[in-house]
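# Structural features, examined
Here is how the chains run, residue by residue.
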Amino acid sequence: MLVTRRLVTAGLAAGIASPALIRSAGAQGATVKIGMVTPMTGAAAESGSFAQTGAKIALEQVNKAGGVLGKPLELVMEDDQTTNPGAVLAFSKLASQPDIVAFLGSIRSTQNHAMAPDMLKIGKPVGFGGTDPNLTKLGNPWLFRFRPNDAYSGKVIAQYGGKELGKKKWAIVHSTDAFGTAGAKALAESLPENGATLALDQGYANQSQDFTPVVLAVRQSGADILGTYFTFETDLGIFARQLRQLGVTIPWVGSPSIVNVSALKLAGPALYNTYGVADYAEDSSEAAKAFGKAYREVRKVAPDNQSSWTYDAVVVLAMAMNKAGTTEPGKVREALLAIRGHKGAEGEYNFDKNGDGLHGYNIVKNEKGDIKFDKRIDFTPNLG
Amino acid sequence: MDLVLQLLFTGIGIGSVYALVALGFVLIFRATNVVNFAQGEFSMVAAFFMVMFSVKLGLPYWLAFIVSLIGMGVLGAVFNLAVYYPLRHRTYLPVIISTIGASILLANATLAIHGPEPEVLSGWFDTPGFLVGPVYLDSQYLLIIAVTALLVVLQYWFFEHTLLGKKLQATSQDKEMAALLGIPVALMIMVTFVYSAVIGGLAGILVAPVLFVSIHMGATIALKAFAATIIGGFGDVTGAIIGGLALGIIETFGAAYVSVPYKDGFAFLVLVAFLVFRPQGIFGERVAEKA
């Protein structure tokens, strides 16, 4: 065959244009796609796999019930490598696919902060799990939170420690990342209304190999109760062991990571008799129980909040698209904001104007490794 | 005073871990003049070997320990053949990049084979630790300190008083001269890689009960161990030990008395200070370019 200049040019043009053509064909394609930024490698790869399972269970249920707008729902996952640059890269890879109509962001607040500018630019709804209260106050209309934020967790920890356990002098230990700092601030701010004071506010950098100085500071502070915001389960495990070894036995109420499956495995008896605020507690509602059953069938272990929020997010995004009757971002956003009383695995969803869907937490207790539901504390949201 | 003693014990314990990994850095640097950036991953892989043999396959702890170290020896040999040997006549840069690539490969291969779940490995002793007066002594840290001390002695004896040790030293000092004297240079370098992988693995197995077994455990320790190597003086065995211990103590006391969040900062501040004011490290000799 004679290769002419025209043939080469035509070939090049076809080569350059074809991905765009394929993409635009996909936009009106056979499935409705949701992009998911999730850790597959790095420090949170394990919890990432839980999140993926939660989302897949929801996907299956949505598709069994008829899908979205008559088409099957599809998940497109990208690895965030458990880093902020990785998350930004993963999101931009997904955002470059025009047929993706909505996204799932990260459970890590710091990563959501990193991706937020791009999320604003792309202008499509993003469900996320990070609990830094500031994330829904950025003026970014596309962010929808599928876990209660830490303004609530701080309030619940302070209220439970003060009113139920009767303790008044707090030591707060927290990661210095966005999640830990915001959580500790919310807890510290909630202490006065519960008649309590702050004896120690101690930050630490993620991935520490040793917590001796932190534990000694807690011991010396004279605190009668400990509140914690840990990001990584390995950190929590090392801290818990050293806390017990150095003889600190004061009551401990922790942020949700304290009841995570990985933390329970790593820390073992060091976490017995601790309390945790948990956005997901299997015995807290019928919806939570149903999710627990579905999850156990797949993973053979109990679920935790890593999977419950992605499950809820996929279900609710699909529901909003079906209610809106379109995948047009503005209409889906309005449908999300109009959701009232949806009973999800994490609790009852009522989105306020900031995009916060949940407004309370469960308190659970670690009884020899079993997580027992104690009570749920809900706050009345301003649904404006 | 109680506080100081407790911090000192922890500092020496964590410093010994850095020192053990730093030893691996030094040995390979001495033999090949390059830094092996996969040294931390050796620790991680060994810890996962231990989990596989001891926890999953249920071998007795001592047997799992020996099999894991043999596994590390094999890994060291393969590493030498695949990562260093093909590039041995090139400058140091391609070799360093090759070791960085190998470190990524090892981490991701472990992730692919085992999965991302962190694991718990029990320690050598049933008793996790005991109180001496007001100071809590973690039995695993005690073991780490003892093994580090023992290795220093063994290493000194090995390099100074055995023929193999002397051959290794000769190889590291001048490969061409060593070859002319009939020392099998390639074999000596192979022995160094095997030994370094075993030492790195030993560090990983010893520290696993304290820090848990996870894919990223190697990278965190190796970074500090690398800093310890520079502080001690690259290429100096005693320096690596002193550098590791110093780093452990400095960061523990810095965290307790200045700032916990900036704990890692102290270690690297010391590193920068050494690079600026004494780049040859504590024990290193000033390198003068020959005319």
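In this text the structure is predicted, and so the values were computed from the model without any measurement.

Counting its regular elements, chain B contains 11 helices and two strands. Listing every helix and strand of chain B by position from the N terminus yields α-α-α-α-β-β-α-α-α-α-α-α-α. Its C-alpha atoms give chain B a radius of gyration of 19 Å, near enough to 19 Å, the size a compact globule of 291 residues would have. The C-alpha extent of chain B, read off along each of the three principal axes, is 60 × 50 × 35 Å.

With that settled, consider the overall build of chain A. Looking only at helices and strands, one finds 12 helices and 14 strands in chain A. Computed over C-alpha atoms, the radius of gyration of chain A comes to 22 Å, within 12% of the 21 Å expected from 2.2 N^0.38 for 384 residues, which places it in the range of a compact globule. With 384 residues in all, chain A has 55% of them scored as buried. At a minimum sequence separation of 6, the contacts of chain A that also span at least 24 residues come to 68%.

Attention now goes to the sheet that holds strand S13 (residues 360–367) of chain A. Residues and elements named next belong to chain A. Ordered by their spatial adjacency, seven strands build an open sheet running S7-S6-S8-S9-S10-S13-S14, and the pairing between neighbours is mixed. Pairing within the sheet leaves two strands with one partner each, and these edge strands are strand S7 (197–204) and strand S14 (370–378). The sheet shows a mean angle of 20° between the axes of neighbouring strands, taken without regard to direction. The sheet contact formed by strand S9 (residues 252–254) and strand S10 (residues 275–278) spans two bridges and is parallel. Paired with Gly 254 across the bridge in S10 is Gly 276. The strands that helix H6 (residues 178–190) touches are strand S6 (169–175), S7 and strand S8 (225–229); relative to S6, the one it contacts most, it runs at about 165°.

It is worth spelling out the confidence of the model for chain B at this point. Of the residues in chain B, 97% reach a pLDDT of 70 or more, and the chain-wide mean stands at 89. The ipTM for the predicted assembly is 0.86, set against a pTM of 0.80.

Judged by nonpolar contacts, the single largest core of 207 residues is most densely connected at Val314(A), Ala47(B) and Met50(B). Of all the elements, helix H1 (residues 2–32) of chain B adds the most residues to this core, at 17 residues. Shared between two domains, this core takes at least three residues from each, and those domains are domain 1 (30–148 + 283–351) and domain 2 (151–278 + 366–378) of chain A.

Our next topic: the interface of chain B and chain A. Taken together, the contact pairs 27 residues of chain B with 27 residues of chain A. When residues of the side of chain B that touches chain A are traced back to their parent elements, those giving at least two are H1, helix H4 (92–114), strand S2 (135–138), helix H10 (237–257) and helix H11 (263–277) of chain B. At five residues, H1(B) tops the list of elements feeding residues into the side of chain B that touches chain A. Grouping the amino acids of the side of chain B that touches chain A by side-chain chemistry returns 15 nonpolar, eight polar and four charged.

Residue and element names in this part refer to chain A. Taken as a whole, chain A is organised into domain 1 (30–148 + 283–351) and domain 2 (151–278 + 366–378). Spacing between the C-alpha centres of domain 1 and domain 2 amounts to 27 Å. Contacts between the two partners involve 20 residues from domain 1 and, on the opposite side, 19 residues from domain 2. Secondary structure elements with two or more residues in the side of domain 1 that touches domain 2: helix H2 (45–64), helix H4 (109–122) and helix H11 (305–324). Among the elements that take part in the side of domain 1 that touches domain 2, H4 stands out by supplying three residues, more than any other. Taken together, the residues of the side of domain 1 that touches domain 2 sort by class into five nonpolar, 10 polar and five charged.

Residue and element names in this part refer to chain A. Sheet topology places strand S1 (residues 32–38) next to strand S2 (residues 73–79); seven bridges connect them, and they run parallel. Among the inter-strand pairings, Ile 34 is bridged to a residue of S2, identified as Leu 75. The parallel pair S1 and S2, bridged by H2, forms a crossover whose chirality is right-handed.

Position of Val26(B) among the secondary structure elements: in helix H1. Considering only alpha carbons, one finds Val26(B) and Ala240(B), 214 residues apart in sequence, at a separation of 7.1 Å.

A few words now on the sheet that holds strand S5 (residues 143–145) of chain A. Residue and element names in this part refer to chain A. Strand order in this open sheet of five strands is S2-S1-S3-S4-S5, and the pairing throughout is parallel. Of all strands in the sheet, those with a lone pairing partner are S2 and S5, marking the two edges. For this sheet, the mean angle separating the axes of adjacent strands, direction not counted, is 25°. Relative to strand S3 (residues 100–104), S1 runs parallel, the two sharing four bridges.

Looking now at the packing of helix H7 (residues 212–221) of chain A against H10(B). Where H7(A) meets H10(B), the closest approach of the two axes is 8 Å, and the angle between their N-to-C directions is 30°. Here H7(A) is positioned roughly parallel relative to H10(B), judged by the angle of their axes. Once H7(A) is placed against H10(B), the crossing between them reads as right-handed. Between H7(A) and H10(B), the residues in contact are Thr212(A), Pro213(A) and Leu216(A) and Thr252(B), Ala255(B) and Ala256(B), respectively. The residue inventory of the contact of H7(A) with H10(B), partitioned by class, reads four nonpolar, two polar and no charged.

Caution is warranted with low-pLDDT regions, since their predicted coordinates should not be read in detail. Residue and element names in this part refer to chain A. The predicted model of chain A has a mean per-residue pLDDT of 90, with 92% of residues at 70 or higher. The least confident element of chain A, judged by mean pLDDT, is helix H1 (residues 5–27) at 48; the most confident is S3 at 97. Note on residues 16–27: pLDDT under 50 across the span, and six contacts to partners over four residues away in sequence or across chains.

What follows deals with the packing of H1(B) against helix H5 (residues 139–161) of chain B. Residues and elements named next belong to chain B. Running from N to C, H1 and H5 cross one another at 40°; their axes reach a closest spacing of 9 Å. With respect to their mutual orientation, H1 and H5 come out oblique. Crossing hand, H1 versus H5: left-handed. Where H1 abuts H5, its residues Ile 12, Gly 13, Ser 16, Val 17, Ala 19, Leu 20 and Leu 23 lie against Tyr 141, Ile 144, Ile 145, Thr 148 and Leu 151. Considered class by class, the residues forming the contact of H1 with H5 number nine nonpolar, three polar and no charged.

What follows covers H2(A). In an α-helix there are 3.6 residues to a turn, and that puts residues three or four apart on one side. With 20 residues, H2(A) extends 28 Å between its outermost C-alpha atoms, agreeing within 8% with the 28 Å of an ideal straight helix rising 1.5 Å per residue. In the stretch just after H2(A), Gly66(A) is the one whose phi turns positive, near 110°.

With that settled, the discussion passes to helix H8 (residues 233–245) of chain A. The terminal C-alpha atoms of H8(A), which comprises 13 residues, lie 18 Å apart, in line with the 18 Å expected from a rise of 1.5 Å per residue. Counted residue by residue, H8(A) has 11 buried out of 13 residues, so it is predominantly covered. Among the residues of H8(A), Glu233(A), Thr234(A), Asp235(A), Leu236(A), Gly237(A), Ile238(A), Phe239(A), Ala240(A), Arg241(A), Gln242(A) and Leu243(A) are the ones counted as buried. Against H7 and helix H9 (261–267) of chain A together with helix H8 (185–211) of chain B lie the buried residues of H8(A). Positive backbone phi, approximately 80°, marks Gly247(A), located one or two places after H8(A).

All names here are of chain B. Pairing analysis gives four bridges linking strand S1 (residues 129–132) to S2, with the strands arranged antiparallel. Its bridge partner lying in S2, Leu 131 is registered against Tyr 136. The antiparallel hairpin formed by S1 and S2 contains two residues in its connecting segment, where Gly 133 sits at a positive phi of about 60°.

Reading guide: rules and limits
Residues numbered from 1 in each chain as written. Chains lettered and ligands numbered in written order. Predicted model: local features only at pLDDT ≥ 70, side-chain atom pairs only at ≥ 80, totals over all residues. Helix = DSSP H or I, 4+ residues; strand = E, 2+ residues; numbered from the N terminus. Rg over C-alpha atoms; globule rule 2.2 N^0.38 Å. Buried ≥ 20, exposed ≤ 12 C-beta atoms within 10 Å, placed from the backbone. Contact = placed C-beta atoms within 7 Å. Pairing = 2+ DSSP bridges. Axes fitted to C-alpha atoms, helices over the stretch in contact; angles between N-to-C directions. pLDDT = per-residue confidence, 0-100. Core = buried A, V, L, I, M, F, W, Y, C linked by C-beta atoms within 7 Å. Domains from an automatic or database assignment. Nonpolar A, V, L, I, M, F, W, Y, C, P; charged D, E, K, R; others polar. Right-handed = clockwise from strand over helix to strand, strands pointing away. Parallel < 35°, antiparallel > 145°, perpendicular 65-115°, else oblique. Left-handed = near helix turned anticlockwise from the far one by under 90°. Expected span 1.5 Å × (residues − 1).

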